[in-house]
Amino acid sequence: MNVYILLGFIVCCIYSIHASNQNIQDMRKQLYYDINSKHTVELAKELKDKWCKFNTYNFTIMEALDIIDTVNDASAFADISNHNKMHAYQVAECLRKNHPREDWLHLVGLIHDLGKVMLLSGEEPWKVVGNTFPVGCPFSTHIVYPEALQDNPDANNVLYNTKPGMYENNIGLDKVLMSWSHDEYLYHVLMNHKQSNIPKEGLFAIRYHSCAPLHSYTDYDYLCTQEDLDMKYWIQQLNLCDKFDKHSEINIDDIQPYYETLVQKYVPENLEW
Ligand SMILES: [Fe+2]
Ligand SMILES: [Fe+2]
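Three or more residues of helix α2 (residues 41-51) are buried, namely Val41, Leu43, Ala44, Leu47 and Trp51. For α2, the angular spread of buried residues about the axis comes to 165°, placing them on one side. Set apart from the buried face of α2 by more than 90 degrees, the exposed residues are Glu42 and Asp49.

The following block contains the structure:
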């Protein structure tokens, strides 16, 4: 090959990699801008009302795992090769390795992102994926892209922008309204049916796994009960595997039977979503 053609080809490759990285970064930034500037108390109530009718889908946990593999998670732009089903099994296996006796935690790892099935019916990504935070109280400075929070209408609402906002100190996270997301959705699906025997620690980890200011900082401790504070440990365990175990080699066919027994034990029935 002519050396000039080869050089031209290399320059072209470098340029297109740079351009697509830039594109990914821009899309990510826009996603987080939308999340931070648009999630308000009013929207959280509206989306909770909409999705907690549970009249959109009907399928089992194992079916939902196959289904989320077909959706593109907009919060994972930087890691698009990691499909949702593989991610679910990687997180589950990581938790199984770290906590062999807590089988419910392995299942929590497997299902923690299943609320993303909302994307299938056309829900906008910024209402489904990315970070979450309590609404109705001051925003934490540890929220990703905090500069976008100044464009959130709730930031200027005197009812919400000084501690403890619309809550009382140590009211308990269960009484705190969270921005709507796949975390909230799966939690309510499992609670609605009361068919889930997953311990409360597992449900707590599912519900708050995208809220870093809560699980990795003390920013929202003033809203927590002692039990909430104790249960943060389980979100941190989930988070450790969720964020950092993206490349382990896994043969899903080999381990699927183990997870089917866990589903039978903890969430056996068809769920209404
Ligand atoms: Fe998630
Ligand atoms: Fe995840």
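A few words now on the coordination of the iron ion (ligand 2). Around the iron ion (ligand 2), the donor atoms from the protein are His87 (NE2), His112 (NE2), Asp113 (OD) and Asp242 (OD), and they sit 2.2 to 2.3 Å away. One can describe the site at the iron ion (ligand 2) as irregular: its 4 donor atoms subtend angles covering 77 to 171° at the metal. A gap of 3.9 Å separates the iron ion (ligand 2) and the iron ion (ligand 1), which Asp113 links by coordinating each metal. Residue His112 is classed as buried on the basis of its relative accessible area of 0%.

Core analysis: the biggest nonpolar cluster contains 81 residues, and Ile111 and Trp273 have the highest contact counts within it. Contacts of Ile111, omitting those with residues within four sequence positions, involve Ile61, Leu186, Leu190, Ile198 and Ile206.

Angles between donor atoms at a metal ideally measure 109.5 degrees for a four-coordinate tetrahedral arrangement and either 90 or 180 degrees for a six-coordinate octahedral one. Around the iron ion (ligand 1), the protein supplies Asp113 (OD), His182 (NE2) and His209 (NE2) as donor atoms, at distances of 2.0 to 2.2 Å. Spacing between the donor residues of the iron ion (ligand 1) along the chain follows D-x68-H-x26-H. The buried category is assigned to His182, whose relative accessible area is 3%.

Inspection of the secondary structure puts Tyr185 in helix α6 (residues 182-193). On the accessibility criterion, Tyr185 (0% relative accessible area) is buried. Each C-alpha atom of the pair Tyr185 and Leu47 lies 9.5 Å from the other, and the pair is 138 residues apart in sequence.

Right, let's talk about the side chain of Ser37 for a bit. Its location among the elements puts Ser37 in helix α1 (residues 3-38). A distance of 2.7 Å separates the side chain of Ser37 from the backbone oxygen of Tyr33, its partner in a polar contact. With residues near it in sequence (within four places) discarded, Ser37 still touches Ala148, Asp151, Asn152 and Pro153.

Scoring rules and cut-offs
- Residues numbered from 1 in each chain as written.
- Chains lettered and ligands numbered in written order.
- Predicted model: local features only at pLDDT ≥ 70, side-chain atom pairs only at ≥ 80, totals over all residues.
- Heavy atoms only, no water.
- Buried < 20%, exposed > 50% of the residue type's maximum accessible area, 1.4 Å probe, protein only.
- Helix = DSSP H or I, 4+ residues; strand = E, 2+ residues; numbered from the N terminus.
- Arc of directions from axis to C-beta.
- Donors = N, O, S within 2.8 Å, 3.2 Å for Na, K, Ca; no water.
- Tetrahedral: all angles 85-135°; square planar, octahedral: opposite > 155°, others 65-115°.
- Core = buried A, V, L, I, M, F, W, Y, C linked by side-chain atoms within 4.5 Å.
- Contact = heavy atoms within 4.5 Å.
- Polar contact = N/O pair within 3.5 Å; in protein donor to acceptor, adjacent residues only side chain to side chain.

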